[in-house]
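Chains, contacts and geometry: an overview
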Amino acid sequence: MKYLFPVFLFCFFLSMNPAYAQERFTLSGVARDADNGETLIGATILAPGLGLGTTSNEYGFFSISLPARDSVDVVVSYVGYQPRAYRLYLTADTALQAELSTGVQLQEVTVQANSYREQLSSTEMSVETVTTREARLLPVLLGESDILKTIQLKPGIPSGSEGTTGLFVRGGSSDQNLIVLDEAIVYNPNHLFGFFSTFNTDAVKDLKLYKGGFPAAYGGRLSSVIDVKLKEGNNQKISGSGGIGLIASRLTLEGPIRKGNSSFIVSGRRTYVDVFTRLINRANSRKEDYTPIPDYFFYDLNTKVNLGLGKKDRLFVSGYFGRDVFGFDNDFFNFNFDWGNATGTARWNHVFSPRLFANTAFTYSDYQYNITSRITGFSFRVGSNIRDANLKSDFYYEPNNQHTIRFGFNTAYHLFTVGRLKAGSDDGLVQFSAGQDFDGLELGLYFSDEIAFSDRFSLNAGIRLSGFLNDSTFYGAPEPRLAARYSLSDRWSLKASYARMFQYLHLVSSAGVALPTDLWYPSTRRVKPQRSDQLALGVSYLLGEQFLLSWETYYKFLDRQLQFVDGAQLFVNDELEEEFAIGQGEAYGLEFSIEKKQGRLSGWIGYTLALIRLSDFETLAPDGRFAQESEGFGPFSPIYDRRHDLSVVALFEISRRLAATATFVYGSGDLRWLAPGRFTFQDIYGASFEAVVPDYQARNNYRLPPFHRLDLGLVIRFFPKWGESNLSLNVVNAYDRRNTFFIYLEPEYETVDGGGGNQIEIPTRIAAKQVSLFPILPSFTWNFKF
Amino acid sequence: MARIMLPLSFFALLSGMFSCNLEKEVDIELPAYEPRYVVECYLEPGKPITLLLSRSAPYFKPFPDINQDFLDNILVDSADVSIIYNGVEIPLENRLILNPLTLKVFNYYAPVNVPYDTVNPFELRIMDRAGQIISATTRILPVVPIDSLVVQFAENDTLARVLTYITDDPAESNYYRRMMHKGSLDSLAIQDFAADDRLAEGVIAFGTGFNYAVGDTLIATIFHIDKAYHDFLESLSDAASANGNPFAQPSPVISELGGTADAIGIFTGLSYGRKTIVVSR
């Protein structure tokens, strides 16, 4: 009975179409890049004479209802492309394959203004996007362009430790980000402790990050959705691209399977530091005291096939496989550690009618780590993994220009292996074992409608029903989503959103950086799902035709947040839940940005003022300890609580051959948990004397000094006969700022005669040492395209 | 090509020039800290009762000069300290005991040998001059004997390792402290760590590296300890190793001491199995 009212309301809204009296037809199609057939996401389709417009969805599909006319002018535009005008004779539903070319952009200001106006008139807020062009041009550590690091430059998305890909969106922890690659979840988006992401920029089409105002289609994480789309492959001609850098090389090949219709893309990347370390090891192998340098490398492989199956159907099959490999081997000791993700997506797009589009996908995700070790006579093997099979379907229905309806479902089956250990002696006398297996079924069903009440006011109302079943425990809950937009004028737009999110999977990680041994753990009878409620308000203003100013403020309540008890044993523990402490938190902040997307000089300035507090933690184990309220220390902030965060990004196209880039970042220092006191512990007979034992008290009680850094880049382009190449020169940390990576406290000793011929070490002072990650760091990468 | 290679070489040179000096000493201000009492009391069967009562200090407080009242600055005297066993209170005298060989210091002492009693508890009670109380209870656990010490030489090498085997009772949760000394117990341990049996399936082997030559004397000790002592040792080790380590989670020292004084430390029984072996082929 309680659902009747919303159904009635929906029917009422659907009937609110003042234009029904006039005959109308639907113009639909897909926006594409004319040169390579890639779909264009968020292209603007505008009928200027009628004052009507829409944008292409994340699959490039668009649909707009227009009044019947002998002649309708439609302009399709997209930032970075030359706009294209079509004159249509609209006497029936019409399909339009809108193909745009890059090149001389005579009307770039208009294109930019169109794009901004679409942003102003959309209910969507708290969204950041990064293009691969930006990611490629901006200066980065060791020359390895990284789309996850580029998104950190946007407001509200502070990074973790300097140089890493960690994302802490609006006070959320790094596991509260839903990261999807072509619709498949990526559980660990990091290589090398987060210094590089798993996304090879050559294979990525674009990245969109939702910080709030989450569409009902998304669920499962509290703080952000990071949607990474892979390229579909050039359907016009065989082409390739790649790069040779200081630590890695990349190669991408793409081309048509059937010209203009179907295509493929294969992209790979590998680091090669291990090649050099092996040479060094070989050169020193005869030295007795030489300790070999362990092997380390990582690689990624992305593939995608895109098949057109007639006018209404398209099939995509894509996959990702990446591994980090660490190994050490000598006469007595062998140690191998590998970790990585594998994802697979089979996706089918079907156009049921000009007004109804569907995307159905089956995805598979796998993250695992394996450690094997062997010491003469003994062996050791430990690993964890999470595997998902996910079926989802999303429908886009535009009954008229007043409604954009999305509905769909997803069902994901998760399999977890947590801390599987097998160790023992070759003779079988000594044996150790541990490990747990879980499974879980995650469900989601959603519906949303973006309703344009007038040119000034629109509302996106949605509901997501989510659930999780593990063993005999079921959690289910409605997740309301609401977003509204009111335009004060064609330059001013007010926006508001509310979203409730549930998270049924939890990352067990206690370190300040991403470790490969971090593992995912399901909600169980004792470990209930995390929940957040986020309210955001925003104002956007179009300044002239080139600048978009945005201001947003948010408040987020976080419930059932996961921390770990003092001295938690997280590695291989069959009683893992005994190490958990559950509490709550709140985060609020203010974000400001000014952006210029196009022109010779483009870029943005973003500033965030934020605060996050966690409190009321209770341990699941009765005898567990959590140094907080019980000791009278009160609420605390997590280490990534960054009060001020400023980014300035500039890209300057000096000429066709030369582009210069610069980024400047400033942020309050992160928090660290340092011991304010110390004591001396002499221990029992035969044990060593500990002169300085830290006495930790309140958590995260020390703020590191502010960090700031200027990175500069210069891209020199060459145009040989076979294609295009460029040399990308980067100077990271241009003025050699020594930002703090961590601080440690080191006692200094003097040796004194303790009597009886014994020498003892007595501490004389304690020094605080600051360690920086890198000084000024130049690098270069040669990129090519043919 | 030379036009390109020259700047590249310059970049490579710059990379090398600046890849150093990433550490520097800084002044930092830590939150205010109220010193706490620190207790160490180990009840070893057959040995007199000794206890060390000291105090902690703010992290950057200057250390006292070794020649000027070093111990006076650390030790806490004039407290009332007693052990209650089988309903009998055994007072501990405030008296400095220094073992010149091991350099272990205790400031409270009772000339009563600790009985090997694995049934009845021992209680500790300390009251300072201000009337603040420190209390704790412990038991002495049964000895877990070392089954064997096995010497294994590496293939084609003169160095050997020593494996220490014990039999763990799988029906109980047991905790151990393993120590290995070379030459004499008066030297510092070459191996010293706490362990539990949660992953073990009966026999446990503690190994060493291939570091020992023919003629070396090795002394293996396995302490059978309770969970409180195990957690204390582990947290002590975690606290020391997490001191600024970005890959580790800091941990306060987990102490089971009770009372009103907010003290930190350990009150535990010590029972151990010990074996000695001389490395030979």
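Residues numbered from 1 in each chain as written. Chains lettered and ligands numbered in written order. Predicted model: local features only at pLDDT ≥ 70, side-chain atom pairs only at ≥ 80, totals over all residues.

**Quick look at the interface of chain A and chain B**
With 79 residues of chain A in contact, the opposing surface of chain B contributes 74 residues. Of all elements in the fold, only β23 (403-425), β24 (431-452), β37 (677-681), β38 (690-695), β41 (724-732), β42 (742-755), β43 (758-771) and β44 (777-785) of chain A reach the threshold of two or more residues within the side of chain A that touches chain B. Of the residues in the side of chain A that touches chain B, the class split is 46 nonpolar, 24 polar and nine charged. (Contact = placed C-beta atoms within 7 Å. Helix = DSSP H or I, 4+ residues; strand = E, 2+ residues; numbered from the N terminus. Nonpolar A, V, L, I, M, F, W, Y, C, P; charged D, E, K, R; others polar.)

**Quick look at the nonpolar core**
V39, L51 and L53 of chain B are the most contacted members of the largest nonpolar core, which totals 159 residues. Discounting residues that sit within four places of it in the chain, V39 of chain B has contacts with L51, L53, I126, I134, L257, A263, G265, I266 and F267 of chain B. In this structure, A31, A47, V72 and Y396 of chain A belong to the second largest nonpolar core, which totals 24 residues. (Core = buried A, V, L, I, M, F, W, Y, C linked by C-beta atoms within 7 Å. Buried ≥ 20, exposed ≤ 12 C-beta atoms within 10 Å, placed from the backbone.)

**What about the domain arrangement of chain B?**
Residues and elements named next belong to chain B. The domains assigned to chain B are domain 1 (37-138) and domain 2 (146-278). Taking the mean C-alpha position of each, domain 1 and domain 2 sit 24 Å from one another. Of all the elements in the fold, those that place two or more residues in the side of domain 1 that touches domain 2 are β2 (37-43) and β9 (133-138). Per-element tally for the side of domain 1 that touches domain 2: the top contributor is β2, with seven residues. Looking at the side of domain 1 that touches domain 2 residue by residue, the classes come out as 12 nonpolar, four polar and three charged. (Domains from an automatic or database assignment.)

**Comments concerning unusual backbone geometry**
Residue and element names in this part refer to chain A. We note that S126 has phi near 55°; this positive angle belongs to a residue other than glycine. When you line up the elements, S126 lands in the loop between α2 (108-121) and β8 (127-131). For S126, a count of 25 C-beta atoms within 10 Å gives the class buried.

**Notes on helix α3 (residues 227-241) of chain B**
Residues spaced three or four apart along an α-helix face the same direction, because each turn holds 3.6 residues. Look at α3 of chain B: 21 Å from first C-alpha to last across 15 residues, which is about the 21 Å you get at 1.5 Å a residue. The element α3 of chain B is extensively covered by neighbouring structure, given that 11 of its 15 residues are classed as buried. Along α3 of chain B, the residues that are buried comprise A228, Y229, H230, D231, F232, L233, E234, S235, L236, D238 and A239 of chain B. Those residues of α3 of chain B that are buried are in contact with β37 and β38 of chain A together with β12 (175-182), β13 (191-196), β15 (217-225) and β16 (264-269) of chain B. (Expected span 1.5 Å × (residues − 1).)

**A word on the sheet that holds strand β10 (residues 146-153) of chain B**
All names here are of chain B. Spatially, β10-β11-β14 is the arrangement adopted by the three strands of the open sheet, whose pairing is antiparallel. Each end of this open sheet is capped by a strand with a single partner; those strands are β10 and β14 (203-206). Pairwise comparison of adjacent strand axes, ignoring direction, gives a mean angle of 25° for this sheet. Inspection of the sheet shows β10 paired to strand β11 (residues 160-167) by seven bridges, in the antiparallel sense. Residue F153 lies in a different strand from β11, and its bridge partner there is A160. (Pairing = 2+ DSSP bridges. Axes fitted to C-alpha atoms, helices over the stretch in contact; angles between N-to-C directions.)

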